[in-house]
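A look at the structure
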Amino acid sequence: MSYDQQRLLAGHLLRRIGFGPSPTDVSAVIAQGWDNYIASQIIPPAQMDSATEAKFIVAPASATDIQGWQRRWYSRMLYSPWQLQEKMTLLLHEHFATSNTKVANAVFMHDQEEFLRSKALGNFRDLLIGISLDKAMLVYLDNNNNNGAARDSQGNPITPNLNFARELLQLFALGTTKLDRYGNPLFDSGGNPVPAYTEADIKAVARALTGWYIKTTTDAVTGVVTYQVLFNPSRHDTGNKLIFGVTITGQTGDAGRNELPQVIDLIMSQSTHSRFIAKILIQKLATETPSPRYINYVGQVYSSNGFDLKYTIQAILTYPDFAGETVVRNQYRTPIEQFIGALRGLNASFASNSTDNIILTWTRKAAHQIYYPPSVFSFYPPGEKAILVNTALTTYRDQAANAFVTSARVNLTTLVPQSGLTPTIAVDYLSDILLYAPLDASVRSQIISYMAGSISTTKLRGAAWLILCSPDFQRN
Amino acid sequence: MSTRRNFLKHGIFAAAGLSLLTQARMVEAAALSNKVVIFLFLYGGNDGLNTIVPMDQYATYQQLRPTLQIPQSKLLVPPGTQIGFNPGMTKLYDRFVNKRDVAVLNGIAMPQDSVGLFAHDACQYVYQTCDIRQTTRTSGPEGWIGNYFDTLTSTPNLTGIDLGGSPLPLQNSDYVPTSISSINDFYLTPSFDTQALQAAYSGVMNVPAANNVVAEYNRTTRVQALADSAVVRQSTSGYMATVTYPSTSLGNSFKNCAQLLYGDMGVRAVTIGAGGWDTHQNQNAGASSTALGSHDRLLQGVSDCIDAFFTDLENLGLADNVLLITMSDFGRNATENADRGTDHGYSSVAFAVGKMVQGGIYNAYPSLTALAYTNKLNIRSDFRSVYATVAERFLGASSSLVTGGSFPLMDFL
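All of the points below concern the structure found in this document. Quick caveat: nothing in here was measured; it's all calculated off a predicted structure.

The subject of this paragraph is the overall build of chain B. Along the backbone of chain B there are twelve helices and eleven strands. Whereas a compact globule of 413 residues would reach a radius of gyration of roughly 22 Å, chain B reaches 22 Å, a difference of no more than 12%. Taken along its principal axes, the extent of the C-alpha atoms in chain B is 70 × 45 × 40 Å. Restricting the contact set of chain B to residue pairs at least 6 apart, pairs at least 24 apart contribute 70%.

Across its full length, chain A holds 23 helices and four strands. Within chain A, the fraction of its 476 residues that count as buried is 52%. Of the contacts formed within chain A by residues at least 6 apart in sequence, a portion of 69% connects residues at least 24 apart.

Residues and elements named next belong to chain A. The terminal C-alpha atoms of helix H1 (residues 5-17), which comprises 13 residues, lie 18 Å apart, in line with the 18 Å expected from a rise of 1.5 Å per residue. Buried within H1 we find Ala 10, Gly 11, His 12, Leu 13, Leu 14, Arg 15, Arg 16 and Ile 17. On its buried face, H1 is in contact with helix H2 (25-32), helix H3 (34-41), helix H6 (83-95), helix H14 (271-285), helix H16 (309-318) and helix H17 (335-345).

Right, let's get into the pairing of strand S8 (residues 322-328) of chain B. Residue and element names in this part refer to chain B. The buried count for S8 comes to seven of seven residues, which makes it a mostly enclosed element. In S8, alternate side chains face the same way, and those of Val 322, Leu 324, Thr 326 and Ser 328 on one face and Leu 323, Ile 325 and Met 327 on the other are all buried. Pairing analysis gives seven bridges linking strand S1 (residues 36-42) to S8, with the strands arranged parallel. Residue pairing for S8: Leu 40 is matched across the bridge by Thr 326. Pairing between S8 and strand S9 (residues 348-353): two bridges, direction antiparallel. Looking at the pairing, Ile 325 lines up with Ala 352 of S9.

Before going further, it helps to examine unusual backbone geometry. Within the chain, A:Arg329 stands out as a residue other than glycine whose phi angle is a positive 55 degrees. By secondary structure assignment, the location of A:Arg329 is in the loop between H16 and H17.

Turning next to H14(A). Along its 15 residues, H14(A) runs 22 Å from first to last C-alpha, staying within 8% of the 21 Å computed at 1.5 Å per residue. Extensive coverage of H14(A) is indicated by the burial of 14 of its 15 residues.

Residue and element names in this part refer to chain B. The N-to-C vectors of helix H9 (residues 249-262) and helix H10 (residues 294-316) enclose an angle of 20 degrees; their axes lie 9 Å apart at closest approach. Considering their axes alone, H9 and H10 lie roughly parallel with respect to each other. Here H9 runs over H10; the crossing is right-handed. Contacts from Leu 250, Gly 251, Phe 254, Cys 257, Ala 258, Leu 261 and Tyr 262 of H9 reach H10 at Gly 301, Cys 305, Ala 308, Phe 309, Asp 312, Leu 313 and Leu 316. Tallied by class, the residues present in the contact of H9 with H10 amount to eleven nonpolar, two polar and one charged.

Definitions and cut-offs
- Residues numbered from 1 in each chain as written.
- Chains lettered and ligands numbered in written order.
- Predicted model: local features only at pLDDT ≥ 70, side-chain atom pairs only at ≥ 80, totals over all residues.
- Helix = DSSP H or I, 4+ residues; strand = E, 2+ residues; numbered from the N terminus.
- Rg over C-alpha atoms; globule rule 2.2 N^0.38 Å.
- Contact = placed C-beta atoms within 7 Å.
- Buried ≥ 20, exposed ≤ 12 C-beta atoms within 10 Å, placed from the backbone.
- Expected span 1.5 Å × (residues − 1).
- Pairing = 2+ DSSP bridges.
- Axes fitted to C-alpha atoms, helices over the stretch in contact; angles between N-to-C directions.
- Parallel < 35°, antiparallel > 145°, perpendicular 65-115°, else oblique.
- Left-handed = near helix turned anticlockwise from the far one by under 90°.
- Nonpolar A, V, L, I, M, F, W, Y, C, P; charged D, E, K, R; others polar.

That is the geometry; function is a separate question.
What follows is the structure, given as structure tokens:
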């Protein structure tokens, strides 16, 4: 069956830069044009206008209500017109995975979310420095109060906690192995991959980042608790640090705080950094198996623009590979992409004061819920997205689709124009707004015959459920 | 992908028009071996030094662990041995001493030329696949148990089940394991228009998705989930636990595991995972001269679950052919850090539990004075020696096919 290519590609763009099209989005992309749409998406407003803000679920009455913050964040994914900003906020949360299971502080988690959103299309240097001083991250990877001045009973230095330093190098900025400009691992003459850092580098980075801590203040009158991230020179290791063969001179007193930006700049100056970030961003937004040329190009855009994400992402989205047949509709959906995508497609409506738990329930079951990544690798390591498809997860996905089509938040008789409606028209209409691509002809005829000539609410729900479970819908 | 799987599913069975239950019984008869491996992975890197403490090196241990040392009075020292079980592991200690079905495997590590030493995901990958260079990571990983499955004449759907452990150890190029989060959640029964929708769903999933891997993999996985969930529900519905399992997610995994084995569906391996072992900071919070700390309680959870599981199987008459093996990302540094925690180390301790296990201690404890990588416990046995032993002496399979090499066998089996 032929399908309008402009429409198909607009659907593709909206699934990748965001959480899939709402009913009117595709025509908006086509009207604006691909390049113009991207150019506008990479520069979201600093402050949401009031009409957009009004679509979101309001902030919880108590700042410690983690579920309230989850509902609000999910509603942004559902309703923000700045879909790229929301997608990047989620991808950065996955990259800098931080779990409230350990942090156990909703304020810290929400503040981190706001920080990630504010830098979602900003500069990666700001992200690395900011995340190093982020309250939730300080707790999650143990750099809060990390003591660089500890001595044992003989007066010898005790190694500080290495957790954050290791993940900063391994997960956030470099990866385990040095990469060539095409994103391939480099090998030494003996055929061994060349490590991107040594154990000694990790220890030196950890020492340079000692002394930071979270100060908690409770107002004696109001009881309001506030937090500040401060630097305590007496817990900073003032010795010199040798990192990647470069000496960072140890600083005493308050000047010790300057070692953080020095370390970040040193890490970012490693040639592997831009290749590592380019590869991850392409894998998240475009394809698990990027071509070497794609990585090379995006890596160069990233480093030559001073690590600016908006131009890097623009480069990913406008590179020819992005609209090629190996990329379009050829990615596995994460559970959040699947759930939010289905609800956007079905035009689900949540009131601004909604306490509905439907999204919370299914993202929790599928172990892909914001603020709760299962490990430092988040939900899946980059490049291993097929892990998202197994019998446990496909079962949850299809059970969730059942819950969505029967939810009071979804009204199929309003969504599908009722005038002159037949099962064939209904199936074609629903598959079009859920897939923006043709539905397999045999699947289509089976769903039409399922409806058995009836267009009742039950049959519309059943048809929508079957489309959401169909192999075609699983193609992101 | 998975041609053999599709052949089995759509070829033999579909052609014969057999019921799911009959298929499962046929599978049972066809299986060469009725041995079952339970592979428990402790995600994060378990601190072997505070799991099994070397009593003959206790003074050195105290120096290395100024705040994290476990007092001698709390350690559980089997008579006539030089090891102390962590105080949380009373149940495993009791089995070690009385049932003699627990083997303590000291100094287990990956070889020093492995890629990605001390990195969580790399080490998990290596321990689950035996691919120490990680050359297959993007091209098509096969697990060490998947390698064993490759030696069987057939591997129908429920041969290997991932119960929250990871499918990776179980998979090979022909075999995709079944993942079950919880048996109670493993069903596909639409909440409305049920019969018509079930029929339509099966119909939709029987249409091969031509030319697209994402769609086709999603489809075959749903076909597998439909068939397996029906078999699992029918075969295991009569299960009643004979013991009280810990009310934790790990306890639920072990209870589900016993239920699956009760179902007699030809299950040959199950993976289970336990999290929380990445103890960089305040590792044993809450410990006192009498109270357990947080790491002790993690070990207590594992020990209680393993004991409940085997006691349940023993009561049900199902324990004879079930072997449990534990592994973890790595051990932790011998020295503690300035944060009352421990950072990523090298070798750790592993356990083997089961009626066929020759209970005892294997390998001399790694030296606490001759450390590797400055401050890490050194290796005594390549982890593949453990798998090779399981292959040769329990599964009756070629250890070289399972591990991809030749490794000295150990005597715990």
